[in-house]
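Spelled out from the first residue to the last, the chains are:
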Number of protein chains: 2
Amino acid sequence: MEAVAEQVFVALADPTRRTILSALASGGPATATDLATRLPITRQAIAKHLNLLTETGLVTAEPGERRRVRYRLHSAPMQVAQQYLAALARDWDGHFDALRKHLEG
Amino acid sequence: MEAVAEQVFVALADPTRRTILSALASGGPATATDLATRLPITRQAIAKHLNLLTETGLVTAEPGERRRVRYRLHSAPMQVAQQYLAALARDWDGHFDALRKHLEG
DNA sequence: CACTATTGCAACCGTTCGGTTGCGTCAAGC
DNA sequence: GCTTGACGCAACCGAACGGTTGCAATAGTG
């Protein structure tokens, strides 16, 4: 689980990657060349980001007609990251309180 | 809010940084040199990470006795990131459903 | 068949990043 | 007053990163 969360953090840490994800969210599934027309960077750069996003599971690649490859959003890994964040915050505060109680007792 | 979330993602994307945070969570507030005895890296490397963590707000630096500087965890920014993740997931699925309904209607 | 459009792969480039080494500085104890 | 710890700053290094350029392969169209 931590591995998935780390990958999600790495993926979401980059602004360009978030822009790509946002474009996919607002415009629906699209191809790399399609995204290249909307964003100010090269298709290959977008392809690299899409590969990374596919490896983290935030996006799935499905082959379409005429050699085109459409990328679709997948929110499952993000929920894992969300759970990880919640557990981490709980762990922090919990241990802190426990430690204070232990020192006070 | 997105800026805070991005900083949290960047901070949590690095394994060493997560180790430092974990050490602070389990052992309570500590100084850079104290952490350097527990981790296999230099004090300066830890100091750099602590600076970054301080800038994101995940950690607060409080001066102690004899020129020592203790670092204490702060979970507030993580909750912001958590909220951001939740909103993002909601946005993804929501827009996807809305688009499908629009195309079907 | 020739042409166009789309994808994938590889090399390259400048910048950032994680980490180390070295040095100057400032507080406390003998 | 001198030594001892602990901190901060700056330079340096190798690796990874974001991005571009160039090229080969492949699927449709005239």
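Look up: the structure comes first, before these words.
Residues numbered from 1 in each chain as written. Chains lettered and ligands numbered in written order. Predicted model: local features only at pLDDT ≥ 70, side-chain atom pairs only at ≥ 80, totals over all residues. Heavy atoms only, no water.

Residues and elements named next belong to chain B. Running from N to C, helix α2 (residues 15–27) and helix α4 (residues 43–56) point in directions that differ by 80°, and their axes come no closer than 10 Å. Here α4 runs roughly perpendicular to α2, going by the angle between their axes. Contacts between α2 and α4 involve T16, R17, I20 and L21 from the former and I46, H49, L50, L52 and L53 from the latter. Residues of the contact of α2 with α4, tallied by class, amount to six nonpolar, two polar and one charged. (Axes fitted to C-alpha atoms, helices over the stretch in contact; angles between N-to-C directions. Helix = DSSP H or I, 4+ residues; strand = E, 2+ residues; numbered from the N terminus. Parallel < 35°, antiparallel > 145°, perpendicular 65-115°, else oblique. Contact = heavy atoms within 4.5 Å. Nonpolar A, V, L, I, M, F, W, Y, C, P; charged D, E, K, R; others polar.)

With that settled, the discussion passes to α2(B). All names here are of chain B. For α2, which comprises 13 residues, the first-to-last C-alpha distance of 18 Å matches the rise-based estimate of 18 Å (1.5 Å per residue) to within 8%. For α2, the side-chain oxygen to backbone nitrogen distance between the N-cap and T16 is 3.2 Å, and the N-cap itself is D14. G28 lies just past α2 and shows a positive phi near 80°. (Expected span 1.5 Å × (residues − 1). Polar contact = N/O pair within 3.5 Å; in protein donor to acceptor, adjacent residues only side chain to side chain.)

Take the relation of the copies chain B and chain A next. Expressed as a screw transformation, the operator carrying chain B onto chain A has a rotation angle of 180° and an axial translation of 0.0 Å, and the superposed copies differ by an RMSD of 0.0 Å. Viewed as a symmetry operation, the transformation between the two copies matches a two-fold axis. No C-alpha of chain B lies nearer the rotation axis than that of F9(B), which sits 2.4 Å from it. (Least-squares fit on C-alpha atoms with pLDDT ≥ 70 in both.)

Bringing the interface of chain B and chain A into the picture now. Size of an interface, as often reported, equals the accessible area lost when the parts are brought together. Residue-level contacts link 32 residues of chain B with 32 residues of chain A. Each partner contributes to the roughly 2,700 Å² buried at the junction of chain B and chain A, and carbon and sulfur atoms together form 73% of this total. Counting the contacts that link chain B with chain A gives four salt bridges. In this structure, E6(A) engages R18(B) in a salt bridge whose closest nitrogen and oxygen atoms are separated by 2.5 Å. Here chain B and chain A share six residue pairs in polar contact (both at pLDDT 80 or more) between them. Contributing elements (two or more residues each) for the side of chain B that touches chain A: α1 (2–12), α2, β2 (69–73) and α5 (76–104) of chain B. Top element by residues in the side of chain B that touches chain A is α5(B). It accounts for 14 residues. Residues of the side of chain B that touches chain A, tallied by class, amount to 20 nonpolar, seven polar and five charged. (Buried area = accessible area lost by both parts, 1.4 Å probe. Salt bridge = Lys/Arg side-chain N within 4 Å of Asp/Glu carboxyl O.)

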